[in-house]
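Residue-level listing of the chains:
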Amino acid sequence: MQERIRKLHHNRIFALVFWLVVVFAAIVTLPNVNTIIQYDGQPQLANTSQPIKATQIKNHWGRNLDGTYTVNAVFNNPTGKLTNKQQAAINKTTSALQKKASYYGIQKITTITNTPTSKPQLLSKDQSTEIVQLAVSHNQGPVRSIASQLNGQIATAGLDTYVTSPEIISDAANQHISSFTLIVILMTLLIALVAMGILFASVIAPIITFLAILISYISTLSLATNLAYHWNFAYSEYTPIFLLLGISLFTLLTSFWFFRELRNRIDDGVESQAATSQVIRSLGYRVLISTLSLTLAFGSLVFFNFSTIRAYSLLGIGFAITGIASVTLIPVFSGMLGHSLFWPKKTRPELKDRKLWFHLAKFGLWQPWIAVLVVLYFAGAFTFGSRQPLSYNNAQDIPNNQAVQGARILSAHFGQGKSTPVTLYIQNKQRFDNQNQLYQLDNLTKKLRAQPGVAAVTSVTQPGGQPITQYYVANQLSSLDTNLSGVIGQLKSVQKSLKSDRSDLKQKDLTTEVKRVNKLATTATRLSGESSSLQSAIQAAQSTSTASGNASKKAARYVKQLNQVNSQLNTALSQLNTLTNTISTTSSEAGTVSTNLSTYETSIKAVNASLKQTRKQVQKLNTSLTQMYTYLGGLQTSEAAKSLYLTPTQIASGDFQQALVNFTDTKVKTTALTITLKREPNAKTTAKTLANLKHVATSQLRGTSLKDANLTFSGQPVVMATIQRQYQHDLVRVLLLVFGLTFLLLILFSRSVLQSTYWFLTFLASAGIGYQLTHVLMQWLTGNDTFNWQVPLLAFVPVTVLAVVELTQLALSYRLNQTGLLDWLLPGIAEAGQTMRHSLFIIIAGVLGLLAASSQVLTAVALITIITAVVFNLALPVMAASFGKLSVIIPAQKPYHFHFGRGPKAKRSARPTRQEVRQQRDTKHDSDEN
């Protein structure tokens, strides 16, 4: 039994059983990758970020809108303006949709019919495109299925219809990535199989490599997906692809090292199990340091908060699993198969001496300064020649999607920012249905609309994006001016009548006046009537002036004067009534006229004096009202008249209550302002515009009744700006951390700070050249002048593997060298070049599978990797030789020192000249070549 166990252990059967159990468990527990990509693929923003806070506000909005998102149903007439027949068809479609609202999870439908004040925002200026906004519940089901159902439901004859929203477009982007992920995986594995077959002219060796890649990849992917599914660990939509990219490249390289060494030892007559053990001992250290470098470099990304970057830390696990599989799984098959591993061509191919690295290194040794300057010139020209911003638009890579087409229709007919508006939520402790709060909201609305980059702003006071005239002081003053003008005209008429009546009372002959008593009675009666009209006019003026009291303090003084004149007119009317009664009595009792004439004379004098005083007061009142009219007319044309003033009647009106329903929550303590930008979210100025809007909103509310309100911005532009800010903040730190750890480990393994620095700087320059050249090629091929923001991160994986693998081999060669640096440079670099070409071939073959996807992102990653690998393999031997020689020559050229008794000639003769040193080195190099 012990012998059997020992034999099994000797043949590494336990390792095979272990990996079979691991891969079986990984397959069984692997969640649905497409589902994880759909729900967890997009960047996960921090709970303190603006979009997450806005989502929490929307989830407690009330009005049956909790947990909903807005979907735009777009109706477009491609030939021109919507006809009456087409408008009727849209209304019919909307009515049918309303009947099935509960089936589709629609909580609210907003159209130009049920919300006329929002017509400017729902109907394009050219009247060819109409929007019907739907509030759809998140609990209804997957976004893509809801979009598909709604798109079929809104189909209208004669019109192009689309269902679009930022959520639908994001889901379409994830769906597109999921669609080509499997293709990329299969093509990458197939190309890896072919590449290994070409390298070893074998069928079995590629299959073993394929199994090693597959087992490592499935194990890592299952672990990563379960972490995201059960523990909410960071996950990216490109996680399956970058895991495959890193694992396949590293497995191909380690398998190549292993099979090459194994073939050499088996061809030398060593038994297969013994040869396998020797190869493990020989390559174990190299595989260990490569695995350690990659695991630490990418595993350190777990400390970053940005979810997309933190997701790349899963590569650390992947490289660790791959490293273990390379030294435990592959040896199982190599020990059992032995020489049959390389069937059908079992003989070792004749090795040819490759001279490329030898000649490049020799050129660097011959003219180090020229070589360095040439390489630095091209590296600088490409690396720093142009800097293009990254694109954060996830719709850029989606082909022929109806949601993207709908968004483009909205951009064409409403403006670029129409499909992705920005929403500003304002939370206040007081309700928003009062004049003070609404006044500040309206001022903020106008202030935001005036900012650069803003196309329109809608709010509770401006639901259509434009001010409603009857809500403003200017319109209200216009009506008041009309009333005042009428009162002034009436007062002038009364003043003229009073003057005429007073002249009629100035009679000297009282005897003849008795004969005209009846006429005077008639005149008094008319005067009484006119006084009554005057009193009514004054009361109307008093009422109107009181209504305008909020507009001017000066008007209050006019009201006070009106009250005084009114009192005097009442007194005059009372006296006139008395006089009328007296006259009536006189007319009926003619005999007593002479007796009462003295009394009548006294009354006439009293009435005359009263009318004189009344005329003066009316004239003064007329002057005051004229001044008031002039003042209010000037106020109407001033900036103050542009202020919002809502009366209680207007607030209680049906139109304004509908605006409250549309723009405030159920408690009327949170309101939303919708801001439409002039440019698309991915525009260069969007982030700056959003920062300016936040600053303006905060400044505008400072010192007002809304100074303590909480402001929260949301919308696709805000999400992109948040991603951009976090990404730009972390990207530099990611590069410094990963490349820094790689560089430190390179120093540790080579035990040379200076040479490691030269090699690593060459790699960085090569990566910069690859990035810029790819940008030029992609712009020429696709016409797109920006990279997606995921491109640098994805290209970061194969490029880092390239650096670690090739620089580690060079570092070990330098470390194991027993001679001086100059003696090692040419032969050491030339020897490394014999395997570098294979590494270059593997790197290029490993990324070719990315080209199988119809994705600009993956195409750019493949081109960056290929160009970087080619440039690096051309520049590394030149720069390593040049800097290596300069690091020896320059310190040897110490400055001359003059001492007493020793001149320059004595100093020069005591040490060899530069030419002598060069001749000695060249002689040494020639002898090494021979």
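Because the structure is predicted, anything quoted here is derived from the model rather than measured. (Residues numbered from 1 in each chain as written. Predicted model: local features only at pLDDT ≥ 70, side-chain atom pairs only at ≥ 80, totals over all residues. Heavy atoms only, no water.)

Engineer: Sorry, what's going on with the pairing of strand β1 (residues 68-76) here?
Structural biologist: When you tally the buried positions in β1, you get eight out of nine residues, the bulk of the element. Sheet analysis places β1 next to strand β3 (residues 129-137), joined by nine bridges and oriented antiparallel. Bridging from a neighbouring strand, A73 pairs with V132 of β3. Bridging between β1 and strand β4 (residues 160-164) involves five bridges; their strand directions are antiparallel. Bridge pairing in β4 places F75 opposite T161. (Buried < 20%, exposed > 50% of the residue type's maximum accessible area, 1.4 Å probe, protein only. Helix = DSSP H or I, 4+ residues; strand = E, 2+ residues; numbered from the N terminus. Pairing = 2+ DSSP bridges.)

Engineer: Looking at this model, I keep getting lost on empty space enclosed by the protein. Mind explaining?
Structural biologist: To find leftover empty space, a probe the size of one water molecule is rolled over the atoms. Here the structure, examined in full by the defined rule, presents four cavities of 30 Å³ or more. Its boundaries defined by the atoms lining it, the largest cavity holds a volume of some 100 Å³. Surrounding the largest cavity, Q396, D397, M778, T782, N784, T786, F787, N788, V791, Q856 and V857 form its lining. Each residue belonging to the lining of the largest cavity can be placed in one class, and the counts come to four nonpolar, six polar and one charged. (1 Å grid on protein atoms, 1.4 Å probe; cavity = no way out; pocket = protein on both sides within 12 Å on 5 of 7 lines; lining within 4 Å. Points joined across faces, edges and corners; volume = space filled by probe spheres on them. Nonpolar A, V, L, I, M, F, W, Y, C, P; charged D, E, K, R; others polar.)

Engineer: Just to check I follow, could you spell out the packing of aromatic side chains for this structure?
Structural biologist: Each aromatic ring pair is characterised by the separation of its centres together with the angle its planes make. Under the counting rule described, the total for this entry stands at 25 aromatic pairs. Ring centres 5.8 Å apart and planes at 90 degrees place the aromatic pair F250 and F319 in the edge-to-face group. Of the two residues, F250 is situated in helix α11 (residues 239-267) and F319 in helix α14 (residues 314-328); the sequence distance between them amounts to 69 residues. The class of F319 is buried, set by a relative accessible area of 0%. Aromatic side chains Y727 and W789 sit 5.2 Å apart centroid to centroid with 75 degrees between the ring planes, which places their arrangement in the edge-to-face category. Taken together, the positions of Y727 in helix α28 (residues 716-750) and W789 in the loop between β10 (787-788) and α30 (791-815) put the pair 62 residues apart, joining distant regions of the chain. On the basis of relative accessible area, W789 is assigned to the buried category, the value being 6%. (Phe/Tyr/Trp six-rings, centres within 6.5 Å; stacked < 30°, edge-to-face > 60°.)

Engineer: Sorry, what's going on with helix α31 (residues 821-848) here?
Structural biologist: Taking 1.5 Å per residue, 28 residues should reach 40 Å; α31 reaches 38 Å between its end C-alpha atoms and fits that length. Where α31 bends most, the angle comes to about 35 degrees, and this point is Q834. Of all 28 residues that make up α31, 21 are buried, and the element is covered over most of its length. (Expected span 1.5 Å × (residues − 1). Bend = angle between axes of the 7 residues up to and from the residue.)

Engineer: Just to check I follow, could you spell out the pattern of salt bridges for this structure?
Structural biologist: If you walk through the whole model with that rule in mind, you get four salt bridges. Across the salt bridge formed by D171 and R144, the nearest N and O atoms sit 3.0 Å from each other. You can see D171 sitting in helix α9 (residues 166-200) and its partner R144 sitting in helix α8 (residues 143-153), a full 27 residues away along the chain. By relative accessible area, which is 6% here, D171 ends up buried. Among the salt bridges present, the one from R733 reaches D730, with a minimum N-O distance of 2.6 Å. Separated by three residues within a single helix, R733 and D730 lie in helix α28, roughly one turn from each other. For D730, a relative accessible area of 4% gives the class buried. (Salt bridge = Lys/Arg side-chain N within 4 Å of Asp/Glu carboxyl O.)

Engineer: Looking at this model, I keep getting lost on the side chain of T220. Mind explaining?
Structural biologist: Of note, T220 is situated in helix α10 (residues 204-231). Its relative accessible area of 1% is what places T220 among the buried residues. In terms of polar contacts, T220 uses its side chain to reach the backbone carbonyl oxygen of S216, at 2.8 Å. Sequence-distant contacts of T220, defined by excluding residues within four places in its chain, comprise L243, I247, L314, G318 and I321. (Polar contact = N/O pair within 3.5 Å; in protein donor to acceptor, adjacent residues only side chain to side chain. Contact = heavy atoms within 4.5 Å.)

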